[in-house]
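Here is what each chain is made of, one letter per residue.
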Amino acid sequence: MANTHFDGTDTPTSGDLPAVGDALPDFTLVDTNLGEVSLADLKGKKVVLNIFPSVDTGICADSVRRFNEEASKLDDTAVLCVSKDLPFALGRFCGAEGLDNVTAASAFRSTFGEDYGLVLEGSPLKGLLARTVIVADEEGNITYTQLVDEIKTEPDYDAAIKALG
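In this text the structure is predicted, and so the values were computed from the model without any measurement.

Visitor: Break down the overall build of the protein for me, with residues and values.
Guide: The secondary structure content of the protein amounts to four helices and nine strands. From first element to last, N terminus to C terminus, the protein shows the α and β order β-β-β-β-β-α-β-α-β-α-β-β-α. For 165 residues, the compact-globule formula gives about 15 Å, and the C-alpha radius of gyration of the protein, at 14 Å, lands near that figure. On the principal axes, the C-alpha backbone points of the protein span a range of 40 × 35 × 30 Å. Sorting the 165 residues of the protein into buried and exposed places 52% on the buried side. Within the protein, counting contacts between residues at least 6 apart in sequence, those at least 24 apart form 66% of the total. With an accessible surface of roughly 7500 Å², the protein has 47% of that area assigned to carbon and sulfur atoms. Taken as two groups, the 13 positive and 28 negative side-chain charges of the protein have centres that lie 3 Å from each other.

Visitor: Describe in detail the nonpolar core, supporting the description with residues and values.
Guide: L24, F27, L29, L49, L80, V82 and F112 are the most contacted members of the largest nonpolar core, which totals 30 residues. Broken down by secondary-structure element, the contributors of at least two residues to this core are β5 (46-51), β6 (77-83), β8 (132-136) and β9 (142-147). L49 has contacts with L24, F27, L80, F112, Y116, T132, V133 and I134, leaving out every residue within four places of it along the chain. Core analysis: the next-biggest nonpolar cluster, separate from the first, contains 22 residues, F52, C81, A104 and V135 among them.

Visitor: Any chance you could break down the packing of aromatic side chains for me, citing the residues and the numbers?
Guide: Throughout the structure, instances matching the rule amount to four aromatic pairs. Ring centres of F67 and Y157 lie 5.2 Å apart, and the angle between their planes is 65 degrees; on these two criteria the pair is classed as edge-to-face. Residue F67 is located in helix α1 (residues 58-71), and its partner Y157 is located in helix α4 (residues 157-162); the two are separated by 90 residues in the primary sequence. The class of F67 is buried, set by a relative accessible area of 1%. Look at Y157 and you get buried, because its relative accessible area is 6%. With centroids separated by 4.4 Å and ring planes inclined at 25 degrees, the aromatic side chains of F112 and Y116 adopt a geometry described as stacked. Summarising the burial analysis for this pair, F112 and Y116 share the class buried.

Visitor: Go over the pairing of β9, please, and point to the residues and values.
Guide: Sheet analysis places β8 next to β9, joined by five bridges and oriented antiparallel. Paired with A136 across the two strands is I142, which belongs to β9.

Visitor: Tell me about a nonpolar patch on the surface, and name the residues and values.
Guide: On the surface, L34, L86, F88 and F108 cluster together to form a nonpolar patch covering roughly 380 Å² of accessible area. Locating F108 in the fold gives a position in the loop between β7 (103-106) and α3 (112-115).

What counts and how
- Residues numbered from 1 in each chain as written.
- Predicted model: local features only at pLDDT ≥ 70, side-chain atom pairs only at ≥ 80, totals over all residues.
- Heavy atoms only, no water.
- Helix = DSSP H or I, 4+ residues; strand = E, 2+ residues; numbered from the N terminus.
- Rg over C-alpha atoms; globule rule 2.2 N^0.38 Å.
- Buried < 20%, exposed > 50% of the residue type's maximum accessible area, 1.4 Å probe, protein only.
- Contact = heavy atoms within 4.5 Å.
- Areas by Shrake-Rupley, 256 points an atom, 1.4 Å probe, with all protein chains shown as cover.
- Lys, Arg positive; Asp, Glu negative; His and termini not counted.
- Charge placed at Lys NZ, Arg CZ, Asp CG, Glu CD.
- Core = buried A, V, L, I, M, F, W, Y, C linked by side-chain atoms within 4.5 Å.
- Phe/Tyr/Trp six-rings, centres within 6.5 Å; stacked < 30°, edge-to-face > 60°.
- Pairing = 2+ DSSP bridges.
- Patch = residues over 30% accessible without salt bridge, like charges linked within 9 Å, V, L, I, M, F, W, Y side chains within 5 Å.
- Salt bridge = Lys/Arg side-chain N within 4 Å of Asp/Glu carboxyl O.

Structure, rendered in structure tokens:
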């Protein structure tokens with residue numbers, strides 16, 4: 001079980017994050033058009049998973065904006081912004097913000113959070129996904145992970161981008 005913090009209080013997750021060097025666990029998520037997006041769809045691309053509790057919070061929204069900006073500079077890289085928000089909310093946010101360099105994907109009907117060990121077990125955010133960034137290379141091998149220490153802080157964008165090589 002991994003651990004993060006919410007307002008300084010220990011907040012465990014449902015399991016352990018996949019480790020650097022491991023293969024990215026398979027997943028199927030729902031995109032903003034209610035279609036499925038899976039790991040198989042990203043074969044041959046570098047992958048950034050920007051995982052967060054809800055796009056309806058300031059820091060989560062900022063992370064989607066920042067990764068959208070970074071994604072515009074990246075070749076052969078898929079950036080997925082993943083939460084348990086409904087696809088409609090993710091689509092509304094990305095559409096209103098003009099964010100089209102990332103793929104917003106909902107884990108609302110999948111075991112993604114459990115498979116990645118990222119479901120928050122405590123705090124008022126219990127049941128949502130922990131703020132995490134996972135980067136994988138073209139072969140699907142994990143090159144970087146960050147479970148933020150405090151949910152109310154942004155991830156280390158520079159380290160994530162650097163891990164893309």
